[in-house]
Amino acid sequence: MNRTMGWILAALAVAAGWQLYGWQGIVMAASVVVFWLLLQFGRTMRVMQNAGRSPVGMVPSAVMLNARLKPGMTMLEVLQHSRSLGRQLDGTDTWTWTDEGGSTVTLDMPAGRLQSWRLTRPEPAPSSEELGAAPPSP
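To keep things clear, this report deals only with the structure shown in the data block. Remember, predicted model here, so these are calculated numbers, not experimental data. (Residues numbered from 1 in each chain as written. Predicted model: local features only at pLDDT ≥ 70, side-chain atom pairs only at ≥ 80, totals over all residues. Heavy atoms only, no water.)

1. Description of the sheet that holds strand β3 (residues 104-108)
Then step 1. Ordered in space as β1-β2-β3-β4, the four strands form an open sheet in which the pairing is antiparallel. Edge strands, defined here as strands with exactly one partner in the open sheet, are β1 (87-88) and β4 (116-120).
Then step 2. Bridging between β1 and strand β2 (residues 94-98) involves two bridges; their strand directions are antiparallel. The residue of β2 that forms the bridge with Arg-87 is Thr-96.
Then step 3. Its contacts with the sheet put helix α4 (residues 75-82) on β2 and β3, and the angle it makes with β2 is roughly 5°. (Pairing = 2+ DSSP bridges. Helix = DSSP H or I, 4+ residues; strand = E, 2+ residues; numbered from the N terminus. Contact = heavy atoms within 4.5 Å. Axes fitted to C-alpha atoms, helices over the stretch in contact; angles between N-to-C directions.)

2. Some details on the pattern of salt bridges
Then step 1. One pass over the structure, following the stated rule, counts one salt bridge.
Then step 2. Between Asp-108 and Arg-118 there is a salt bridge; the shortest N-O distance is 3.2 Å. With Asp-108 in strand β3 and Arg-118 in strand β4, the pair connects residues that are 10 residues apart, well separated along the chain.
Then step 3. Residue classification places Asp-108 among the buried residues on the basis of a relative accessible area of 18%. (Salt bridge = Lys/Arg side-chain N within 4 Å of Asp/Glu carboxyl O. Buried < 20%, exposed > 50% of the residue type's maximum accessible area, 1.4 Å probe, protein only.)

Structure, rendered in structure tokens:
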């Protein structure tokens, strides 16, 4: 949810509480807003805790992470899918995740929102036939 929209909804809840129930409505609306903020904080902490358990910049499958990405995702949403903290490139808004096979997903996140990404796969190793080696004798 957009941060501005969240604060507008919180203010509307407090105003509606005041209009309908007086000071008790304000208390109830404030309780609901605080509860919502605690839920968001708990979600953030759970995602960060899970990401902190994995090596930095490593994912089980870069291809699967690539398939789950959508424009406009926040870093928290990306961390939910990657289950790992990304590796930041040279202090820019570019982050990378790599899997054990050498595939890499690079994300461009200006202003904290996913704008573009690219998947880079390693070149396949040449087979022995391509290298001109004789086939093994039986």
